[in-house]
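These are the residues of each chain, in order.
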Amino acid sequence: MASAGKAATAAMANNLKKNLSSQTTASPPKFRYLSAWFCPYAHRATIALEHHAGRIDYEWVEALGWEQRKDDNNVTKTGKEWWYHWKADELRRANPSALVPTLIPVDSDGKPDEDKSVYESLITIDYIDAVANPPDETLCLAPQDPYLAAKCRYWADKVNRECCSPYYGVLVRTEESERREHFEKLVGGLKSFSKEIEKNGSGPTFLEGRLSNVDIALMPWAWRFYIFEHYRGPEYAIPYHEPELHAYKEWFDHVFSLELVKRTLPDKDRYLEHIGKYADSSARSKVANAVRRGVTAHEIDDEKDTY
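An account of the accompanying structure is given in this report. (Residues numbered from 1 in each chain as written. Predicted model: local features only at pLDDT ≥ 70, side-chain atom pairs only at ≥ 80, totals over all residues. Heavy atoms only, no water.)

1. Let's talk about the sheet that holds strand β1 (residues 30-35)
In spatial order, the strands read β2-β1-β5-β6; together these 4 strands make up an open sheet with mixed pairing. Bordering the open sheet on either side are β2 (57-62) and β6 (118-119), each of which pairs with just one other strand. As judged from the 5 bridges shared by β1 and strand β5 (residues 102-106), these two strands associate in the antiparallel manner. Looking across to β5, one finds that Tyr-33 is bridged to Leu-103. Relative to the sheet, helix α2 (residues 40-51) contacts β1, β2 and β5, its axis offset from that of β1 by approximately 150 degrees. (Pairing = 2+ DSSP bridges. Helix = DSSP H or I, 4+ residues; strand = E, 2+ residues; numbered from the N terminus. Contact = heavy atoms within 4.5 Å. Axes fitted to C-alpha atoms, helices over the stretch in contact; angles between N-to-C directions.)

2. Some thoughts on the packing of α2 against helix α4 (residues 121-132)
At a minimum axis separation of 8 Å, α2 and α4 run at an interaxial angle of 10 degrees. Classified by the angle between their axes, α2 and α4 sit roughly parallel to one another. Contacts between α2 and α4 involve Tyr-41, Arg-44, Ala-45, Ala-48 and Leu-49 from the former and Ser-121, Leu-122, Thr-124, Ile-125 and Ile-128 from the latter. A breakdown of the residues in the contact of α2 with α4 according to their chemical character gives 7 nonpolar, 2 polar and 1 charged. (Parallel < 35°, antiparallel > 145°, perpendicular 65-115°, else oblique. Nonpolar A, V, L, I, M, F, W, Y, C, P; charged D, E, K, R; others polar.)

3. Observations concerning the environment of Lys-286
Counting through the fold element by element, Lys-286 comes out in helix α12 (residues 286-292). Here Lys-286 falls in the buried class, since its relative accessible area comes to 9%. Linking Lys-286 and Glu-299, residues 13 residues apart in sequence, is a C-alpha distance of 9.8 Å. There is a polar contact of 2.8 Å between the side chain of Lys-286 and the side chain of Asp-302. (Buried < 20%, exposed > 50% of the residue type's maximum accessible area, 1.4 Å probe, protein only. Polar contact = N/O pair within 3.5 Å; in protein donor to acceptor, adjacent residues only side chain to side chain.)

4. So, unusual backbone geometry
Generally, phi is negative for residues other than glycine and the peptide bonds are trans, each holding for most cases. Put simply, Val-100 and Pro-101 share a cis peptide bond, and its omega is 5 degrees. Along the chain, the position of Pro-101 falls in the loop between α3 (89-94) and β5. Cis geometry marks the peptide bond from Gly-203 to Pro-204, where omega comes out at -5 degrees. Mapped onto the secondary structure, Pro-204 falls in the loop between α6 (176-200) and α7 (213-224). One non-glycine residue, Ala-98, lies in positive phi territory at about 55 degrees.

5. Let's talk about the pattern of salt bridges
Here the structure, examined in full by the defined rule, presents 15 salt bridges. Across the salt bridge formed by Arg-32 and Glu-90, the nearest N and O atoms sit 2.5 Å from each other. Of this pair, Arg-32 sits in strand β1 while Glu-90 sits in helix α3, and the two are 58 residues apart along the sequence. Under the relative-accessibility criterion, Glu-90 is labelled buried at 12%. (Salt bridge = Lys/Arg side-chain N within 4 Å of Asp/Glu carboxyl O.)

6. A short note on the nonpolar core
Core analysis: the largest hydrophobic core is formed by 83 residues, its most contacted members being Tyr-167, Leu-218, Phe-225, Phe-228, Tyr-248 and Trp-251. Broken down by element, this core gets its largest block of residues, 11 residues, from helix α5 (residues 146-172). The residues touching Leu-218, leaving out its near neighbours within four places in the chain, are Val-159, Cys-163, Cys-164, Leu-190, Phe-193, Tyr-248 and Trp-251. (Core = buried A, V, L, I, M, F, W, Y, C linked by side-chain atoms within 4.5 Å.)

Printed below as a string of structure tokens:
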């Protein structure tokens, strides 16, 4: 299984590289992209990089690895724990929290400059967009118009808090009432997002007909919501049929039909197996530890949520 997983990760990275090499450009900015195939936070940066394929060159570096061991300190209360048995030294040097995604610029001589590394997923989207410097404003993920830029910044953060963070509460919390509370908050967040799309125009994206940092903030989790039914039952299916989610469903169908998005998606069965360590509460990542101690995923603390 481990070798198959490595092969799948390598195949995904190679497909992205092939697409990049097919683009024509003169000396695009280059980066070492420290990532992890399973991580939705890193997935945000991957989509942004692929959106600007041809305007940015990057090398994918798989920087995290999992291993199972006995839970000697009874942290997970499951008798076992999955922990990061390795993190790339490069990641530890370049990011004080040692989290993905992390982007390290590479100079014209091919030397990585770790002192100028950029991290935090929402920040990397805007950074990639600025560095790519697209020729057409409609290709910008962060609008140039000050009002729209401020609006997108607000909604990217709102989506992160209300639609993405509750995902981990549904999985990691062990009490059914707590899981339902997180799920209902998540669905409420999707309804707010759906309503805002309708308010903004005819859709199907947040900024009518173009991708934005708000869309990319939500995409990795929206694609992963399928795992709820498997691990928590049919009552945890996203209620796409409800009128309040009509615009969201149209958004979902549109963004996941885009080739630049489809080539970034992990295999569903492989991801379903991976996320099982969160569903049985045996994962020991910073996010899992934060949710286990009663705060949300976006409230991780480097000192409290160690592993």
